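Structural description and commentary
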Amino acid sequence: MSQSIARNGAADLDKSTIDYAAIADPGHGNSVAGWTGVIIMLIGISVGCVGFTIHNPTITYISIGIVALGVVVGLILRAVGLGNKPKKK
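Residues numbered from 1 in each chain as written. Predicted model: local features only at pLDDT ≥ 70, side-chain atom pairs only at ≥ 80, totals over all residues. Heavy atoms only, no water.

**Concerning the environment of threonine 36**
One can find threonine 36 in helix H2 (residues 32-53). Through-space distance from the C-alpha of threonine 36 to that of valine 71 is 9.4 Å; in sequence the pair is 35 residues apart. Those residues within four positions of threonine 36 in sequence are excluded, and the remaining contacts are Val73 and Leu77. (Helix = DSSP H or I, 4+ residues; strand = E, 2+ residues; numbered from the N terminus. Contact = heavy atoms within 4.5 Å.)

Quick look at the structure:
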């Protein structure tokens, strides 16, 4: 492999064919609904890890409910309008 290809990137990449407008906002869930749902689910997973580690099935099953609550809260917040706006085609 030559030094110029390694330094300048792939020789066959034509950057003029990339549609930058289409990839400008990929919508990775950066919304109140997305973040709230994920944070609740992370708390549930953390509680589940503790319950699993100390061999307490009650805590482990409660954590499954917390994760399910995170999904429901995220969906409710999205329905209220705090989620990502749909892209217009």
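**Here's the deal with the side chain of serine 63**
Inspection of the secondary structure assignment puts serine 63 in helix H3 (residues 57-82). Filtering out sequence-adjacent residues up to four positions away, serine 63 remains in contact with Gly44, Val47 and Gly48.

**What about unusual backbone geometry?**
You will see that histidine 55, though not glycine, has its phi angle at about 60°, which is positive. With respect to the secondary-structure elements, histidine 55 resides in the loop between H2 and H3. Residue class for histidine 55 comes out exposed when judged on its relative accessible area of 72%. (Buried < 20%, exposed > 50% of the residue type's maximum accessible area, 1.4 Å probe, protein only.)

**Looking at the UniProt feature "transmembrane region" (unreviewed entry) in the chain**
Following the UniProt record, the feature "transmembrane region" (unreviewed entry) maps to residues 32-54 and 60-80 here. In residues 32-54, helix accounts for 96% and strand for 0%; the two terminal C-alpha atoms are 33 Å from one another. (UniProt positions renumbered as here; feature names shortened; annotations may be inferred.)

**What about a nonpolar patch on the surface?**
A cluster of nonpolar side chains, namely Val32, Val72, Ile76, Val80 and Leu82, defines an oily patch on the protein surface of about 430 Å² accessible area. For the nonpolar patch, the element with the most residues is H3, which contributes four residues. Inspection of the secondary structure assignment puts valine 32 in helix H2. Residue valine 32 is classed as partly exposed on the basis of its relative accessible area, which comes to 47%. (Patch = residues over 30% accessible without salt bridge, like charges linked within 9 Å, V, L, I, M, F, W, Y side chains within 5 Å. Areas by Shrake-Rupley, 256 points an atom, 1.4 Å probe, with all protein chains shown as cover. Salt bridge = Lys/Arg side-chain N within 4 Å of Asp/Glu carboxyl O.)

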